[in-house]
Amino acid sequence: MSVYIRSHELRVSAVREMVLAQACLLKQPFTASQLEESCRTEHISTGTVYNALNLFVEAEIVKIYDRGYGQTATEYELNTTASRSHMQLICRKCGRRATFYDKAIMRLITERKYANFNMQNYTLVVYGECKICRRLAVKKK
Ligand SMILES: [Zn+2]
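Remember, predicted model here, so these are calculated numbers, not experimental data.

**Some remarks on the environment of Gln71**
So, step 1. As for its placement among the helices and strands, Gln71 is situated in the loop between β2 (62–65) and β3 (75–78).
So, step 2. Residues within four places of Gln71 in sequence aside, it is in contact with Tyr65 and Asp66.

Structure representation (structure tokens):
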């Protein structure tokens, strides 16, 4: 059973990568239906596209574009790391990502001065094993 879940999750995350790749190809900002349309050539279902898009927003990979007054459909745009420093936890087993902000560490990094280099932003990535994968590993024993 756990083998099934794991291979299924890997397949799901591979599809998500494909959705993200399509989002990168689109003119920014884009609507969910534009993304869905470009994913159709990859045979990705509508539900999968919308689920992936929600996850991307949650993980701050994609942000909702605010056009302000007169906006008819929700528009999205890729949240380039260039616009914002952040920290990520990445599970080596399943690829789950979580964004986190540790004020103490962020203060340390931003106060740091590097010779001949003017820091604009940064991404700190922490690799490990997520709660779900740890639980699956414990169950197997
Ligand atoms: Zn995991």
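Having seen it, we continue.
**Let's talk about the sheet that holds β3**
So, step 1. With respect to topology, three strands assemble into an open sheet ordered β1-β3-β2, the strand pairing being antiparallel. Each end of this open sheet is capped by a strand with a single partner; those strands are β1 (30–31) and β2.
So, step 2. Across four bridges, the pairing between β2 and β3 is antiparallel. Residue Ile64 lies in a different strand from β3, and its bridge partner there is Tyr76.

**Describing the coordination of the zinc ion**
So, step 1. Coordination of the zinc ion by the protein comes from Cys91 (SG), Cys94 (SG), Cys130 (SG) and Cys133 (SG), over a distance range of 2.3 to 2.4 Å.
So, step 2. Here the zinc ion binds four donor atoms, and the angle range of 105 to 114° at the metal identifies the geometry as tetrahedral.
So, step 3. Spacing between the donor residues of the zinc ion along their common chain follows C-x2-C-x35-C-x2-C. Accessibility classification places Cys130 together with Cys133 in one group, the buried group.

**Some thoughts on the nonpolar core**
One recurring pattern in soluble globular proteins is that nonpolar side chains are buried together.
So, step 1. Ranked by internal contacts, the top residues of the largest apolar core, which has 15 residues, are Val19, Phe30, Leu35 and Leu53.
So, step 2. Per-element tally for this core: the top contributor is helix α3 (residues 46–58), with four residues.
So, step 3. If we skip the residues at most four places from it in the chain, Leu35 touches Val19, Gln22, Ala23, Leu26, Phe30, Val49 and Leu53.

**Side note on the pairing of β3**
Within a regular beta strand, the side chains point alternately toward one face of the sheet and then the other, so they alternate between its two faces.
So, step 1. Here β1 runs beside β3; their pairing, made up of two bridges, is antiparallel. Counterpart to Phe30 in the pairing with β3 is Tyr76.

**A word on the pattern of salt bridges**
So, step 1. Throughout the structure, instances matching the rule amount to two salt bridges.
So, step 2. A salt bridge links Glu36 to Arg40, with the nearest nitrogen and oxygen atoms 3.5 Å apart. Separated by four residues within a single helix, Glu36 and Arg40 lie in helix α2 (residues 32–40), roughly one turn from each other.
So, step 3. Under the relative-accessibility criterion, Glu36 is labelled buried at 14%.
So, step 4. Given the relative accessible area of 52%, Arg40 is considered exposed.
So, step 5. Between Glu129 and Lys93 there is a salt bridge, with the nearest N and O atoms lying 2.8 Å from each other. Of this pair, Glu129 sits in the loop between β6 (123–128) and α5 (131–140) while Lys93 sits in the loop between β4 (86–91) and β5 (97–100); the two residues are 36 residues apart in sequence, bridging distant segments of the chain.

**Things to note about unusual backbone geometry**
So, step 1. For the bond from Gln28 to Pro29, the omega torsion is -10°, close enough to zero to count as cis.
So, step 2. Here Pro29 lies in the loop between α1 (2–25) and β1.
So, step 3. Of note, the phi angle at His43 is positive, near 60°, even though the residue is not glycine.
So, step 4. Positionally, His43 belongs in the loop between α2 and α3.
So, step 5. Owing to a relative accessible area of 74%, His43 belongs among the exposed residues under this scheme.
So, step 6. Look at Asn116: it is not a glycine, yet its phi comes out positive at around 55°.
So, step 7. Along the chain, the position of Asn116 falls in the loop between α4 (103–111) and β6.

Analysis parameters
- Residues numbered from 1 in each chain as written.
- Predicted model: local features only at pLDDT ≥ 70, side-chain atom pairs only at ≥ 80, totals over all residues.
- Heavy atoms only, no water.
- Helix = DSSP H or I, 4+ residues; strand = E, 2+ residues; numbered from the N terminus.
- Contact = heavy atoms within 4.5 Å.
- Pairing = 2+ DSSP bridges.
- Donors = N, O, S within 2.8 Å, 3.2 Å for Na, K, Ca; no water.
- Tetrahedral: all angles 85-135°; square planar, octahedral: opposite > 155°, others 65-115°.
- Buried < 20%, exposed > 50% of the residue type's maximum accessible area, 1.4 Å probe, protein only.
- Core = buried A, V, L, I, M, F, W, Y, C linked by side-chain atoms within 4.5 Å.
- Salt bridge = Lys/Arg side-chain N within 4 Å of Asp/Glu carboxyl O.

Note that all results are geometric; they support no functional claim without further evidence.
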